[in-house]
Amino acid sequence: MDPFSITTGVFGITGFALSSINNLRSLIDGLKEAEDVLQDVTSNLEAIQLPLSALRNLQISDSTTYDEAEKNLEKTGIAEAVNNCGKACADFTKKLEQWTKHSSTAKLSLRDRLSVGLWNKEKIQTFRTRVSSCRAIVQFAIGSAQLVILIRSENTSTTAREETKKQLLVLGTSIQENTELIKRKQEETLQRKKELESPEDEDEDEDGGAQRTLAIQETEQQSRVLEAEQTASRAVSEIISKFSVPHVTNAYNNYFTGPNSGLQVAHSTGIINWNTPLRKNSVNVAETCKDHRDPY
């Protein structure tokens, strides 16, 4: 029987979202002024693209595992996260093109553009939060799907299956750490909202507080994005908990290699390779999802 392949469109990710993410990354890469100012955005966009690209080469040997993988990916809310991120990227691309259309010393620099006014600051923060959260959801969702498929494959040896379960344990720990990070971000967002709601000097608002009101709305949006990320993390935790193993004392790192482009699972005894057209490098699924501390 020919292996089954999962495509992003199967569980709702639109082509518009994928192209918008790619277009923004290409635009930032081509703007010298944006290299340092938007470095975190660029790295997060790439970290979204790599797993999605690998997903296209994910091979599943049977229909039961395929149906379960599709169902699990839907549970994580990955489609909504990527689609919303794509819309945000499309909007930000338009702004970035406008801001850099007539670059000169007489114009505001890109760094200044990103920090002018209360509303603009929080709007940019909302964008960065959405991209960062999308990255976490994509990595956790696809990383767990890859490992679960490998465990369920009839061609996977017993030893490789047990080692993969250990990787799931490492992934679970990464999700717990990210959950703590989300809580800290929520607290920071709530603190900014309180400060905006009770300014020290209300006389500074020349526009009658309109910008402050818009900024408050942005902090509320950031909070909703973080809540969605937390919900996705819980969904992934529930999925991998079915394959839990006793705690191991030594961290498990195994670099999966192979001749094929992308990711091949269900015909491997434990080898996962992310050699995408974006950047060639072998990575460990759990290690890829390990650190979500972003430089805001």
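Here's a quick rundown of the structure. Bear in mind the structure is a predicted one, so any value in this text is a computation, not a measurement.

Before going further, it helps to examine the packing of helix α7 (residues 118-152) against helix α8 (residues 158-197). The contact between α7 and α8 brings their axes to 10 Å, and the two run at 165°. As far as their axial angle goes, α8 and α7 are roughly antiparallel. Classified by chirality, the crossing of α8 by α7 is left-handed. Counting all contacts with α7, which are made through Leu 118, Glu 122, Gln 125, Ser 132, Ala 136, Phe 140, Gly 143, Ser 144, Leu 147, Leu 150 and Ile 151, the residues of α8 involved are Arg 161, Thr 164, Lys 165, Gln 167, Leu 168, Leu 171, Ser 174, Ile 175, Asn 178, Lys 185, Arg 192 and Leu 196.

Right, let's get into the pattern of salt bridges. Summed over the entire model, instances satisfying the criterion amount to 11 salt bridges. For the salt bridge of Arg 152 with Glu 68, the shortest nitrogen-to-oxygen distance reads 2.6 Å. Taken together, the residues Arg 152 in helix α7 and Glu 68 in helix α4 (residues 63-75) connect sequence positions 84 residues apart. Close ionic contact of Glu 122 with Arg 192 constitutes a salt bridge, the shortest N to O distance being 3.0 Å. Placement of the pair is Glu 122 in helix α7 and Arg 192 in helix α8, with a sequence separation of 70 residues.

Criteria and cut-off values
- Residues numbered from 1 in each chain as written.
- Predicted model: local features only at pLDDT ≥ 70, side-chain atom pairs only at ≥ 80, totals over all residues.
- Heavy atoms only, no water.
- Axes fitted to C-alpha atoms, helices over the stretch in contact; angles between N-to-C directions.
- Helix = DSSP H or I, 4+ residues; strand = E, 2+ residues; numbered from the N terminus.
- Parallel < 35°, antiparallel > 145°, perpendicular 65-115°, else oblique.
- Left-handed = near helix turned anticlockwise from the far one by under 90°.
- Contact = heavy atoms within 4.5 Å.
- Salt bridge = Lys/Arg side-chain N within 4 Å of Asp/Glu carboxyl O.

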